[in-house]
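Residue-level structural notes
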Amino acid sequence: MVNIGFIGCHEISKSCLKKICELAKIHNDIISLVINYPPEKSSRYSAYANFDDLQKQFNLPIYFFSDVSKPNVISLLKNSNLDILFIIGWHRIVPLSVLETALIKLGIHSSYLPKDRGSSPINWQIIRGEDQGGTTLFHLTPGVDSGNIVDQEKFSISLNDNIRDVYAKSTHVSIRLLETNWNDIHNLKPKSILQDESKHTINAIRRPSDGIINWNNSSLTCYNLIRGLTHPYPGAFTFWNEKKIFIWVSQLSKLSPKKPGIIIEIGDKIVVSTGKNCLEIISLQIENELILSAKDFILFYNLKINEIFNSNN
């Protein structure tokens with residue numbers, strides 16, 4: 001029987017916590033502590049998930065903290081006498097003072113480490129147009145996703161996948177990695193494989209300006225940005241008539257391009273020219289207004305051919 005703690009606040013956190021609870025029950029392990037981000041502050045983070053239903057299902061002791069490095073949280077962790085601490089889908093890297101409260105510290109990163117260490121790996125993979133992703137179960141250290149690997153698995157990313165599709169794939173792999181390695185984790189002997197530092201890459205932190213659509217880029221580059229930032233993320237955006245327009249769904253077009261950003265066809269779709277080829281807009285939204293289909297947007301806002309979507313206001 002081992003004593004387990006969990007820290008997380010993301011949709012993938014919830015799926016992994018559920019699997020950990022199920023595995024712990026089978027092996028007579030104890031979930032002594034679960035920390036989630038306060039719901040009243042959750043709007044600051046994409047894909048936030050609370051654990052209310054899991055609390056009821058598994059009788060979990062849940063605490064809410066925005067900063068787990070505070071002395072009161074460290075005391076709570078220490079007093080829980082944890083054998084294993086999982087930190088999955090937390091909003092920031094935790095310091096050594098948190099990691100030292102447990103014998104074994106494990107995390108899950110949505111990339112095939114050492115590739116794509118750092119922020120938003122799946123968003124960046126889609127934005128870059130990559131066709132392969134991965135998920136890694138690994139030992140946590142104070143470094144950025146640099147701890148030894150327990151296990152990992154690759155999966156494909158298709159051109160039709162958006163951020164939700166790829167997160168679903170990563171979540172399924174995460175659950176499988178927990179299941180496959182639980183016996184070793186339960187026995188406090190998870191595998192520990194060094195990362196190849198010569199192959200590591202680090203992602204930059206995403207910033208609001210990263211969501212601007214540059215119509216001088218190719219239609220494929222614009223399409224990848226849109227599907228990489230669609231719900232539950234803040235969305236890729238452009239400007240029209242001094243209004244900020246979020247584009248949620250698009251697809252590649254075979255029409256011949258004209259001037260980048262110009263609207264060349266309207267109907268059931270809004271076809272926009274890019275620096276190479278064209279893009280069909282399927283779903284979009286003026287900031288703080290309703291999300292509309294292209295057809296409804298055209299009718300409601302009297303959008304016309306030859307009007308321009310701009311990369312700046």
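Described below are features of the structure shown in this document. Nothing here was measured: the structure is a model prediction, and the numbers come from that model.

**Some thoughts on the overall build of the chain**
- Looking only at helices and strands, one finds eight helices and 15 strands in the chain.
- Along the three orthogonal principal directions, the C-alpha set of the chain runs to about 65 × 40 × 30 Å.
- Considering only intrachain contacts with a sequence separation of at least 6, the fraction spanning at least 24 residues in the chain is 68%.
- Carbon together with sulfur atoms contributes 50% to the accessible area of the chain, which is approximately 14,700 Å² in total.

**Brief notes about the sheet that holds strand S3 (residues 62-64)**
- Reading across the sheet, the seven strands line up as S3-S2-S1-S4-S5-S7-S8 and stay open at both edges, with mixed pairing between neighbours. Either end of the sheet is taken by a strand with one partner, and the two such strands are S3 and strand S8 (149-156). With direction set aside, neighbouring strand axes in the sheet form an average angle of 15°.
- Across four bridges, the pairing between strand S1 (residues 3-7) and strand S4 (residues 82-87) is parallel. Residue pairing in the sheet places Phe 6 in a bridge with Phe 86 of S4.
- Contacts from helix H3 (residues 71-79) reach strand S2 (30-36), S3 and S4 within the one sheet, and its direction differs from that of S2 by about 165°.
- Sheet strands touched by helix H6 (residues 163-186): S1, S4, strand S5 (102-109), strand S7 (132-139) and S8. Its angle to S8, the strand with the most contacts, is close to 150°.

**Some remarks on the packing of aromatic side chains**
- In total, this model carries 11 aromatic pairs according to the counting rule given.
- Ring centres of Tyr 167 and Tyr 233 lie 6.1 Å apart, and the angle between their planes is 10°; on these two criteria the pair is classed as stacked. Residue Tyr 167 is found in helix H6, and its partner Tyr 233 is found in the loop between helix H7 (219-229) and strand S10 (236-240); the two are separated by 66 residues along the sequence.
- Residue classification places Tyr 167 among the buried residues on the basis of a relative accessible area of 15%.
- Judged by its relative accessible area of 7%, Tyr 233 is buried.
- Consider the rings of Phe 246 and Trp 248, whose centres lie 5.8 Å apart with planes at 15°: the pair is stacked. Assigned by exposure class, Phe 246 and Trp 248 land together as buried.
- Members of the aromatic cluster, joined through ring pairs, are Phe 237, Phe 239, Phe 246 and Trp 248.
- A cation over a ring is seen here: Lys 154 above Tyr 112, with NZ or CZ 4.7 Å from the ring centre.

**Details of the side chain of Asp 145**
- With respect to the element layout, Asp 145 can be found in the loop between S7 and S8.
- Buried charge Asp 145 goes without a salt bridge, the closest partner of opposite sign being Arg 117 at 6.6 Å.
- Within the structure, the side chain of Asp 145 is placed 2.7 Å from the backbone nitrogen of Gly 118, a separation counted as a polar contact.
- Residue contacts for Asp 145: discarding those within four places in its chain leaves His 109, Leu 113, Arg 117, Gly 118, Phe 138 and Gln 195.

**Notes on the state of the cysteines**
- Throughout the structure, instances matching the rule amount to zero disulfides.
- Here Cys 16 is not disulfide-linked; the sulfur of Cys 21 is the nearest cysteine sulfur, at 11 Å.
- In this model Cys 278 remains outside any disulfide bridge; the closest cysteine sulfur is found in Cys 222, 11 Å from its own.

**Re the pairing of S7**
- Of all eight residues in S7, seven are buried, a share of seventy percent or more.
- Here four bridges tie S5 to S7, and the two strands are oriented antiparallel to one another. Note that in S7 the partner of Gly 107 across the bridge is Phe 138.
- By the bridge criterion, seven bridges tie S7 to S8 in an arrangement that is antiparallel. Bridging from a neighbouring strand, Thr 135 pairs with Glu 153 of S8.

About the thresholds
Residues numbered from 1 in each chain as written. Predicted model: local features only at pLDDT ≥ 70, side-chain atom pairs only at ≥ 80, totals over all residues. Heavy atoms only, no water. Helix = DSSP H or I, 4+ residues; strand = E, 2+ residues; numbered from the N terminus. Contact = heavy atoms within 4.5 Å. Areas by Shrake-Rupley, 256 points an atom, 1.4 Å probe, with all protein chains shown as cover. Pairing = 2+ DSSP bridges. Axes fitted to C-alpha atoms, helices over the stretch in contact; angles between N-to-C directions. Phe/Tyr/Trp six-rings, centres within 6.5 Å; stacked < 30°, edge-to-face > 60°. Buried < 20%, exposed > 50% of the residue type's maximum accessible area, 1.4 Å probe, protein only. Lys NZ or Arg CZ within 6 Å of the ring centre and 35° of its normal. Lys, Arg positive; Asp, Glu negative; His and termini not counted. Salt bridge = Lys/Arg side-chain N within 4 Å of Asp/Glu carboxyl O. Polar contact = N/O pair within 3.5 Å; in protein donor to acceptor, adjacent residues only side chain to side chain. Disulfide = S-S within 2.5 Å.

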